[in-house]
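Here is how the chains run, residue by residue.
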2 protein chains.
Amino acid sequence: MKLHGYFRSSATWRVRIALALKGLDYENVFHHLRKGEQSAPEYLRLNPQGLIPALETDDGDVLTQSLAICEYLDEVYPAVPLLPADPVLRAKVRAFSYAIACEIHPLQNLKILKRLKGLGFDQAQTDQWAQTVIEDGFEACEKLIERQDGPYAFGGSVTLADILLVPQMNNARRFGVTLRWPRLQAIEAACLALPAFQRSRPEAQPDFEV
Amino acid sequence: MKLHGYFRSSATWRVRIALALKGLDYENVFHHLRKGEQSAPEYLRLNPQGLIPALETDDGDVLTQSLAICEYLDEVYPAVPLLPADPVLRAKVRAFSYAIACEIHPLQNLKILKRLKGLGFDQAQTDQWAQTVIEDGFEACEKLIERQDGPYAFGGSVTLADILLVPQMNNARRFGVTLRWPRLQAIEAACLALPAFQRSRPEAQPDFEV
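Calculation notes
- Residues numbered from 1 in each chain as written.
- Chains lettered and ligands numbered in written order.
- Predicted model: local features only at pLDDT ≥ 70, side-chain atom pairs only at ≥ 80, totals over all residues.
- Heavy atoms only, no water.
- Least-squares fit on C-alpha atoms with pLDDT ≥ 70 in both.
- Contact = heavy atoms within 4.5 Å.
- Helix = DSSP H or I, 4+ residues; strand = E, 2+ residues; numbered from the N terminus.
- Pairing = 2+ DSSP bridges.
- Right-handed = clockwise from strand over helix to strand, strands pointing away.
- Domains from an automatic or database assignment.
- Buried area = accessible area lost by both parts, 1.4 Å probe.
- Polar contact = N/O pair within 3.5 Å; in protein donor to acceptor, adjacent residues only side chain to side chain.
- Salt bridge = Lys/Arg side-chain N within 4 Å of Asp/Glu carboxyl O.
- Nonpolar A, V, L, I, M, F, W, Y, C, P; charged D, E, K, R; others polar.
- Axes fitted to C-alpha atoms, helices over the stretch in contact; angles between N-to-C directions.
- Phe/Tyr/Trp six-rings, centres within 6.5 Å; stacked < 30°, edge-to-face > 60°.
- Buried < 20%, exposed > 50% of the residue type's maximum accessible area, 1.4 Å probe, protein only.
- Lys NZ or Arg CZ within 6 Å of the ring centre and 35° of its normal.

Undergrad: Sorry, what's going on with the relation of the copies chain B and chain A here?
TA: These two copies of the chain differ by a rotation about an axis and a displacement along the same axis. Once chain B is rotated about the relating axis by 180° and shifted along it by 0.0 Å, it coincides with chain A to within an RMSD of 0.0 Å. When the rotation and shift are considered jointly, the pair of chain copies conforms to a two-fold rotation axis. In terms of C-alpha distance to the rotation axis, chain B has Cys102 of chain B as its closest residue, with the C-alpha 2.3 Å off the axis. Of the interface residues in chain B, 100% have counterparts in chain A that sit at the interface too, so the contact is made through matching surfaces.

And the structure:
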């Protein structure tokens, strides 16, 4: 498999974690987001949305959207499941994941911040925008799991929810958010103690740069 | 089951379509979004995110996030599947769905437009914002299915992709987007010819108002 990504992209990071948890080998193809390499014609032929990540399977299929890729990996490589077996719990794990993937991440990614700057926002204003989005979202996330045991978001096994949370916590720090969600912070710490999360971090990628 | 929703909410609309396609009975509980009823304390106890829709199951579980609810319904009531059987095709249907649920809808919903207005945007500017978001998103959506046959987004059976598309097409019209995506428009027409889509429309709901 080939993973098209970028070290800093939190959507790519999600897929890296899923691949690492499942112990799957893959080849990296890097696309430097800040240089706009995701909009190069040859990449647009592969993924017309011009977004990373994309996963090329061994059969040559090109899969896009990080959550769709994670669900695919979970269906095709069911060892080390990313979702619990119980349908209600699966729905709760997915709801937490979408609370990040739909309600937080798209509102603070590079594309939207660029759009805001194009409309006259300065750096302080876009940072404030991102902070507010993340703070509102994390308030909801903390409540969504208040009845769940740790150490991970949904009990004793890592799920898709943890895969979404860890990269988003990193984004929060990058935007200067003061972390004040004890459960979320404890989950992040528990995850980062695992080798699969350790080697998926942006700093551990070959294309990492300061 | 009880569906907590609002006639105009496109996220609620998605769940209505899924329930209707599967022929499932449910009770409606309406929360008037423009009156802020989704932030009433009793609803926040049910759904701390203060978002609709939420689905209360017969066992008293409260499920949130429209896509998580649709996946739950598909797992628990597998007749009339919302996803194809093949994992690659499932991933493509989900990717199309997330292209709407993550890349378009959150950037043009009421909450974000209110935030923009709070930062000084006038009505014309928020409309322009929503139009741009939808146009960019639909460009990508049209490409994502260019190799798929009709009449629906992914062939001869309705999938989650169609459930996401039809409400978003309606949003596009509300924001004055000039529709110029022949495939998306043909899919919408094919869907709206089906009784399940017909009776899920906002205009067909008991809480509808002009």
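Having seen the model, we can carry on.
Undergrad: Help me understand the side chain of Thr159 of chain A, please; the structure alone is not making it clear to me.
TA: Looking at the secondary structure, you find Thr159 of chain A in the loop between α6 (123–144) and α7 (160–174). The residues contacting Thr159 of chain A, other than those within four sequence positions of it, are Leu82, Pro84, Val93 and Phe154 of chain A.

Undergrad: What exactly am I supposed to notice about the pairing of strand β1 (residues 2–5) of chain A here?
TA: A regular strand places its side chains so that they alternate between the two faces of the sheet. All names here are of chain A. Where β1 and strand β2 (residues 27–30) come together, 4 bridges link them in parallel fashion. Looking at β2, one finds that Leu3 is bridged to Asn28. On the question of chirality, the crossover connecting β1 to the parallel β2 by way of helix α1 (residues 10–21) is right-handed. Examined bridge by bridge, β1 and strand β3 (residues 54–56) share 3 bridges and lie antiparallel to one another. What sits directly across from His4, in β3, is Ala54.

Undergrad: Would you mind going over the domain arrangement of chain A with me for this structure?
TA: Frequently, the measure chosen for interface size is the accessible area removed from exposure when the parts meet. Residues and elements named next belong to chain A. According to the domain assignment, chain A consists of domain 1 (2–80) and domain 2 (87–196). For domain 1 and domain 2, the distance between their C-alpha centroids amounts to 20 Å. On the side of domain 2, 16 residues touch domain 1, which itself brings 13 residues to the contact. Summed over both sides, the interface between domain 1 and domain 2 buries roughly 1500 Å², with carbon and sulfur atoms accounting for 69% of that surface.

Undergrad: Can you help me understand the side chain of Asn109 of chain A in this one?
TA: Within the secondary structure, Asn109 of chain A is located in the loop between α4 (87–101) and α5 (110–118). From its side chain, Asn109 of chain A meets the backbone nitrogen of Ile112 of chain A in a polar contact 3.1 Å long.

Undergrad: I would appreciate a short explanation of the interface of chain B and chain A in the present structure.
TA: Taken residue by residue, the interface counts 42 residues in chain B and 42 residues in chain A. Summed over both sides, the interface between chain B and chain A buries roughly 3800 Å², with carbon and sulfur atoms accounting for 65% of that surface. Ranking the residues of chain B by area buried against chain A places Tyr98, Arg115 and Trp129 of chain B at the top, with a combined share of 14%. Between chain B and chain A we count 8 salt bridges in total. Taken together, the links from chain B to chain A amount to 11 residue pairs in polar contact (both at pLDDT 80 or more). Secondary structure elements with two or more residues in the side of chain B that touches chain A: β4 (62–64), α3 (66–76), α4 (87–101), α5 (105–108), α6 (110–118) and α7 (123–144) of chain B. Here the element with the most residues in the side of chain B that touches chain A is α4 of chain B; it accounts for 10 residues. By residue class, the composition of the side of chain B that touches chain A is 26 nonpolar, 4 polar and 12 charged.

Undergrad: Hey, could you run me through the sheet that holds β1 of chain A in this one?
TA: Strand pairing in a sheet relies on backbone hydrogen bonds. The paired strands run either parallel or antiparallel. Residue and element names in this part refer to chain A. Strands sit in the order β2-β1-β3-β4 across an open sheet of 4 strands; the sheet is mixed. Because the sheet does not close on itself, it has two edges, and the strands there are β2 and β4 (62–64). Put simply, the sheet's adjacent strands are angled 20° from each other on average, direction ignored. Seen against the sheet, helix α3 (residues 66–76) touches β3 and β4 and runs at an angle of roughly 120° to β4.

Undergrad: What exactly am I supposed to notice about the packing of aromatic side chains here?
TA: For any pair of aromatic rings, the description rests on two quantities: the centre-to-centre distance and the angle between the ring planes. Taken as a whole and assessed by the stated rule, the structure comprises 12 aromatic pairs over all chains. Ring plane angle 70° and centroid distance 6.4 Å describe the contact between Phe121 of chain A and Phe121 of chain B, whose orientation is recorded as edge-to-face. With one member in each of two chains, Phe121 of chain A in the loop between α5 and α6 and Phe121 of chain B in the loop between α6 and α7 form a pair that bridges those chains. Side by side, Phe121 of chain A and Phe121 of chain B carry an identical accessibility label, which is buried. Here the basic side chain of Arg115 of chain A rests over the ring of Trp129 of chain B, its NZ or CZ set 5.9 Å away from the ring centre.

Undergrad: Even after reading the chapter, I still don't get the pattern of salt bridges, so can you show me in this structure?
TA: Side-chain pairing between opposite charges can occur once the charged atoms of the two side chains come close. Residues and elements named next belong to chain A. Applying the stated criterion across every chain, the model contains 18 salt bridges over all chains. One salt bridge connects Glu71 with Arg94, and the closest N-O pair in it is separated by 2.7 Å. Here Glu71, found in helix α3, pairs with Arg94, found in helix α4; they are 23 residues apart in sequence, far enough to count as distant. Accessibility assignment for this pair places Glu71 and Arg94 in one class, buried. In this structure, Glu188 engages Arg173 in a salt bridge whose closest nitrogen and oxygen atoms are separated by 2.7 Å. Of the two residues, Glu188 is situated in helix α8 (residues 182–192) and Arg173 in helix α7; the sequence distance between them amounts to 15 residues. A residue is classified by how much of its surface remains accessible, and Glu188, at 7% relative accessible area, is buried. A relative accessible area of 41% places Arg173 in the partly exposed class.

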